[in-house]
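# Examining the three-dimensional arrangement
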Amino acid sequence: MVRLLFMVLAMLLTPLVAMAQSCGTIDLIDELSPAERARLDALVAPHAFPVGNLWRADKGESTVVIAGTLHVPDARLDGLAKRIDPFLRDADVLILEATSEDEAGLAAMAASKPDLFFITEGPTLIDLLSPEDWTKAEEQLSALGIPAFVAAQFQPWYLNLTLAIPPCALALVKTGAKGLDRQLESVALDVGVPIQSLDNVETVIRIFADAPFEDQMDGLRLTLNTTDDSNANTSTLIEAYFDGRTREGWEFGRIMVDRAGIENGQALFDEVNTSLLIDRNADWEPMIHEMVDGKNAVIAVGAAHLSGESGVLRALERAGYSLAPL
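As the structure is a computational prediction, the values presented were derived from the model and not from experiment.

### A closer look at the overall build of the protein
Assigned secondary structure in the protein consists of 18 helices and six strands. Burial statistics for the protein: of 326 residues in total, 52% are counted as buried. Long-range contacts, defined as pairs at least 24 residues apart, comprise 83% of the intrachain contacts of the protein with a sequence gap of at least 6. Total accessible area computed for the protein in this model is approximately 13,800 Å², and 54% of it derives from carbon and sulfur atoms.

Pasting the structure below:
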């Protein structure tokens, strides 16, 4: 489901105790039927490096530490950050998907290019969605504290991304706690390690914004009609991450698409998988090769980007690095 796919990359949570109290601790993967479990195993099996979020790559005198990140705060990330810290302090460069400065540019982009984010003319989502789906949208927006009449003018992709934020997390993220990428960025800034980013924020936004409007609407309908009882989708992804089962957490989305019974759900999953993972990884590979060449580096990108033939770990192998779990 699209909500699950977005949460893999952009969930917003807080420390462990708060999460347990408000986002739940259910792991839906533990509750799969035997047939679903077998299907999930088959989906994960073909992918290189399906398990593990922290790796070391060596080539000559160059050492690269690769961290699959959770872009959200959680107390368990502190231990991971401490393991990376000595490598980061001695690194020549920290490589992120996007820096906090890059992300801050989103507000300016919304002001300068409002048509990317908002429906500026013609019918709004109130008219474009069925009454039943708009009612579901109103309910979910209410849980997020967002006025429905404002969100009715969101582009479908933007509302979809907004609804991907778990309500249990929205209030808690305001505490100022940081995900792993931002923790590492803070250390790099403190000790003067240069930071480079792999993504242009507008390019990533256009992955969603430039999709055909009807495809955006299909994705929004899929999100609206996929439930997240007891925030179970959120907690399932988090538990998979901390167990190092990141590929499993990603491919679990296909099981949830099947459960939703959306006719074109698997095709939507494939489209998101291609645009968010495969294509971006392909764009990153030559950049990573150039950024780490002859250097000691730390790469911290969303954990879903590590595995698979197009993944960051395979990219380093193709550059001649030997890899081992750290």
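From this point, the discussion proceeds with the structure in view.
### Topic: the sheet that holds strand S5 (residues 297–302)
Two pairing modes exist for strands in a sheet, parallel and antiparallel, and in both the strands are linked by backbone hydrogen bonds. Here we have six strands laid out as an open sheet, ordered S4-S3-S5-S2-S1-S6, and mixed in their pairing. Of all the strands in the sheet, just strand S4 (195–197) and strand S6 (322–325) have a single pairing partner and so form its edges. Across this sheet, the average inter-strand angle for adjacent strands is 20°, counted without regard to direction. Across six bridges, the pairing between strand S2 (residues 62–69) and S5 is parallel. Its bridge partner lying in S5, Val 65 is registered against Val 298. Sitting on the sheet, helix H17 (residues 265–292) touches S2, strand S3 (93–96), S4 and S5, and the angle it makes with S5 is about 155°.

### Considerations on the packing of aromatic side chains
The way to describe two aromatic rings as a pair is by their centre distance and the angle between their planes. Applying the stated criterion across every chain yields a total of eleven aromatic pairs. Where Phe 117 meets Trp 157, the ring centres are 5.5 Å apart and the plane angle is 55°; that geometry is what we call tilted. One end of the pair, Phe 117, is in helix H6 (residues 114–117); the other, Trp 157, is in helix H10 (residues 156–163), with 40 residues separating them in the sequence. Summarising the burial analysis for this pair, Phe 117 and Trp 157 share the class buried. Residues Phe 154 and Tyr 158 carry aromatic rings whose centres are separated by 4.6 Å and whose planes lie at 40° to one another, so their mutual orientation is tilted. A residue is classified by how much of its surface remains accessible, and Phe 154, at 8% relative accessible area, is buried. An aromatic cluster is built from Phe 117, Phe 118, Phe 154, Trp 157, Tyr 158 and Phe 208, whose rings are joined through pairwise contacts.

### Examining the pattern of salt bridges
Under the criterion given, the structure shown has 23 salt bridges. As a salt-bridge pair, Arg 247 and Glu 251 come within 2.9 Å of each other at their nearest N and O atoms. Here the residue Arg 247 and the residue Glu 251 both occupy positions in helix H16 (residues 246–260), the gap between them amounting to four residues, near one helical turn. Given the relative accessible area of 3%, Glu 251 is considered buried. Between Arg 314 and Glu 309 there is a salt bridge, with its nearest N and O atoms 2.8 Å apart. Beyond isolated ion pairs, a larger network of salt bridges with shared partners links Asp 27, Arg 37, Asp 41, Asp 243, Arg 245 and Glu 248.

### As for empty space enclosed by the protein
Per the stated rule, a full pass over the model turns up two cavities of 30 Å³ or more. What the second largest cavity holds in volume is close to 30 Å³. If you trace the second largest cavity, you find it lined by Phe 49, Pro 50, Gly 52, Asn 53, Thr 246, Arg 247, Ala 303, Leu 306 and Ser 307. Here the residues of the lining of the second largest cavity are counted per class, giving four nonpolar, four polar and one charged.

### Considerations on the packing of helix H3 (residues 34–44) against H16
With their axes 9 Å apart at the nearest point, H3 and H16 run at an angle of 130° to one another. Accordingly, the angle class assigned to the pair H3 and H16 is oblique. Considering only the axes of H3 and H16, their crossing is right-handed. Residues Glu 36, Arg 37, Arg 39, Leu 40, Leu 43 and Val 44 of H3 touch H16, and the partners they reach there are Arg 247, Glu 248, Glu 251, Phe 252, Arg 254, Ile 255, Asp 258 and Arg 259. The class makeup of the residues in the contact of H3 with H16 is five nonpolar, no polar and nine charged.

### Comments concerning helix H15 (residues 232–242)
Of all the eleven residues making up H15, ten are buried; the element is thus mostly covered by neighbouring parts of the structure. The set of residues buried in H15 consists of Ala 232, Asn 233, Thr 234, Ser 235, Thr 236, Leu 237, Ile 238, Glu 239, Ala 240 and Tyr 241. Among the residues trailing H15, Gly 244 stands out with phi positive, at a value near 80°.

### Concerning the nonpolar core
Grouped together as the largest cluster of nonpolar side chains are 23 residues, with contacts concentrated most on Val 64, Ile 66, Ile 288, Val 292, Ile 299 and Leu 316. Those elements giving two or more residues to this core turn out to be strand S1 (54–59), S2, S3, H17, S5 and helix H18 (312–318). The greatest single-element share of this core, amounting to four residues, is contributed by H17. If near-sequence neighbours (up to four positions away) are discounted, Ile 288 is found in contact with Leu 198, Ile 299, Val 312 and Leu 316. Leu 77, Ala 81, Leu 88 and Leu 94 belong to the second-largest nonpolar core, a separate cluster that totals 21 residues.

Rules and cut-offs
Residues numbered from 1 in each chain as written. Predicted model: local features only at pLDDT ≥ 70, side-chain atom pairs only at ≥ 80, totals over all residues. Heavy atoms only, no water. Helix = DSSP H or I, 4+ residues; strand = E, 2+ residues; numbered from the N terminus. Buried < 20%, exposed > 50% of the residue type's maximum accessible area, 1.4 Å probe, protein only. Contact = heavy atoms within 4.5 Å. Areas by Shrake-Rupley, 256 points an atom, 1.4 Å probe, with all protein chains shown as cover. Pairing = 2+ DSSP bridges. Axes fitted to C-alpha atoms, helices over the stretch in contact; angles between N-to-C directions. Phe/Tyr/Trp six-rings, centres within 6.5 Å; stacked < 30°, edge-to-face > 60°. Salt bridge = Lys/Arg side-chain N within 4 Å of Asp/Glu carboxyl O. 1 Å grid on protein atoms, 1.4 Å probe; cavity = no way out; pocket = protein on both sides within 12 Å on 5 of 7 lines; lining within 4 Å. Points joined across faces, edges and corners; volume = space filled by probe spheres on them. Nonpolar A, V, L, I, M, F, W, Y, C, P; charged D, E, K, R; others polar. Parallel < 35°, antiparallel > 145°, perpendicular 65-115°, else oblique. Left-handed = near helix turned anticlockwise from the far one by under 90°. Core = buried A, V, L, I, M, F, W, Y, C linked by side-chain atoms within 4.5 Å.

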